[in-house]
Amino acid sequence: MKKIAVFCIPAHGHTNPMLPVVKELVRRGDEVRFYSFEEFRGKIEQTGAAYVSCDRYLPELSAKEEGKLKKVSAAEMTIQDIKITLSMNDFLHDEFIAFRPDVVYTDSVCFWGKLNALKYDVPMVVSTSTFAFNQMSSRYIKNSPKEMAGLIFGLPKMTRELNKLKPYGYKFKGLLSLIQSDNDTDSVVYTSRKFQPCSESFSGHYTFVGPSLFSDKIPDKNHERPLVYISLGTVINDRPDFYSKCIKAFKDENIDVIISCGKAIDIGALGELPDHVSVYEHVDQLDLLSKANVFITHCGMNSVSESLYMATPMVLYPQTNEQGAVARRVREIGAGKELKDDSVTGIRDAVKDILNTVSYGNAAKECSDDFRSCSGAAGAADFIENAPHTVDD
């Protein structure tokens, strides 16, 4: 039996793939403490792990800082990660001394998990919620001029904040070492080696376990009418304009449409809906994707993985550079097309193209078979329990 400390940032897309792995570790008899936030307490406790609240260490954000985070500013997220690490210093010192974990299983951008594993010399396994990015695979990310400017102008502030960690005994080579993947760190990646870009450039310290999901559903695409599912995820989903265009695009079509819009908008503001169009704050996405014929998606890694697992081809509508990298990979395998024209006509034409072109569905089915052949949560649990790993060059 191992004692395992689990850390993650307060984000659904980063937490969700860790949960099936944690449940598997608990099932095996490992003692697992999951350091997280109240929003995720229920899901964590359902795995059987001990939930440890960290809400009191989240800093109060100014309106400007909150706005930057909502826009997924890499510089602002880095600065807040460092501040949280500092605020948790005394608390996690006591936790590491009292619990004495055998392994730390931490999200790749959760600095307080990574830095404390290094500080207390505990074997660490990094949870990579999107693709693994190194010098080669990072070419898939195309930063906009605005994003590049944000990183460049934010660098001095990020460096100043990072230097505040040094008096507390934290070990790091630099900012890049905390963010980018390297070939010496044990890492779990929730995709297949086949779907991972430039997979040959990653060492044996990486295990590609496929999507980490709670589902035993099998795809069933046989309906009288095609089903189109639309979601922009849990972060940048305040887009009533886009949902309205989707409703107009399909109001006269012989297609069933389900939209998941989150809590950021007033569903009533979308007006009277056609009988074949439904809008919800939240849905069982895996269940819907097992039946959907097309998924209009923001291209978050979890959503794309779930879609491909359920053999559902996609209309790709990325909102961030990281999502753009995922969209590019989906296009490369032929399982989706990018929505370059998000007008009413453009949305309608993109969906019809997917529905009328068999190759999209075939490519998604091929990827589904690949994903289902991976080791999944059990493989990830094996990897974590046996850390640290020795790899021959």
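Note: the structure precedes this text.
Residues numbered from 1 in each chain as written. Predicted model: local features only at pLDDT ≥ 70, side-chain atom pairs only at ≥ 80, totals over all residues. Heavy atoms only, no water.

K.L.:
Please explain the sheet that holds strand β10 (residues 277-280) as it appears in this structure.
P.N.:
Strands pair in a sheet through their backbones, by hydrogen bonds, and they do so in one of two ways: parallel or antiparallel. Taken together, six strands build an open sheet; the order of strands is β10-β9-β8-β11-β12-β13 and the sheet is parallel. Edge positions in the open sheet fall to β10 and β13 (336-338), since each of these has one partner strand only. Averaged over all adjacent pairs, the angle separating strand axes in this sheet is 15°, with direction ignored. The pairing of strand β11 (residues 294-297) with strand β12 (residues 314-316) spans three bridges and is parallel. Directly across from F295, in β12, lies its bridge partner M314. Across the sheet, helix α13 (residues 321-333) touches β12 and β13, and the angle it forms with β12 is around 135°. (Pairing = 2+ DSSP bridges. Helix = DSSP H or I, 4+ residues; strand = E, 2+ residues; numbered from the N terminus. Axes fitted to C-alpha atoms, helices over the stretch in contact; angles between N-to-C directions. Contact = heavy atoms within 4.5 Å.)

K.L.:
Looking at this structure, I do not really get the pattern of salt bridges. What am I missing?
P.N.:
Tallied over the entire structure, the rule returns 23 salt bridges. Of the charged contacts, one joins R27 and E24 as a salt bridge, the two residues approaching to 2.8 Å between their closest N and O atoms. Residue R27 and its partner E24 are located together in helix α2 (residues 18-27), separated by three residues, close to a single helical turn. Of the charged contacts in the structure, one is a salt bridge between E332 and R329, with a shortest N-O distance of 2.9 Å. Linking E332 with R329, this pair stays in helix α13, spanning three residues, or about one helical turn. Judged by its relative accessible area of 14%, R329 is buried. Salt bridges sharing partners connect three or more residues here, namely E24, R27, R28, D382 and E385. (Salt bridge = Lys/Arg side-chain N within 4 Å of Asp/Glu carboxyl O. Buried < 20%, exposed > 50% of the residue type's maximum accessible area, 1.4 Å probe, protein only.)

K.L.:
Honestly, the packing of α2 against helix α16 (residues 376-385) in this entry has me stumped. Any pointers?
P.N.:
To characterise two packed helices, one gives the angle between the axes of the helices and the distance between these axes. Interhelical geometry of α2 versus α16 gives an angle of 65° and a closest axis separation of 8 Å. The element α2 and its partner α16 pack so that their crossing is right-handed. On α16, the residues touching P20, V21, E24 and L25 of α2 are A377, A378, A380, A381, I384 and E385. Grouping the constituent residues of the contact of α2 with α16 by class yields eight nonpolar, no polar and two charged. (Left-handed = near helix turned anticlockwise from the far one by under 90°. Nonpolar A, V, L, I, M, F, W, Y, C, P; charged D, E, K, R; others polar.)

K.L.:
Would you explain the environment of D102 in this entry?
P.N.:
Positionally, D102 belongs in the loop between α6 (89-99) and β4 (103-107). Separated by 58 residues in sequence, D102 and I44 place their C-alpha atoms 20 Å apart. Those residues in contact with D102 that sit more than four places away from it in its chain are M1, K2, K3, V122 and P123.

K.L.:
Please clarify how helix α5 (residues 74-87) should be interpreted in this entry.
P.N.:
Because an α-helix completes one turn every 3.6 residues, residues spaced three or four positions apart along the sequence face the same direction. Between its first and last C-alpha, α5 extends 20 Å over 14 residues, near the 20 Å set by a 1.5 Å rise per residue. Where α5 is concerned, the buried positions are A75, E76, T78, I79, Q80, D81, I82, I84 and T85. (Expected span 1.5 Å × (residues − 1).)

K.L.:
Where do I start with unusual backbone geometry in this structure?
P.N.:
For residues other than glycine, phi is negative in most cases, and the peptide bonds are mostly trans. In this structure, the amide linkage connecting A387 to the following residue, P388, adopts the cis form with an omega of 0°. Within the fold, P388 resides in the segment after α16. Its identity as a non-glycine residue notwithstanding, R100 has a phi of 50°, on the positive side. You can see R100 is positioned in the loop between α6 and β4.

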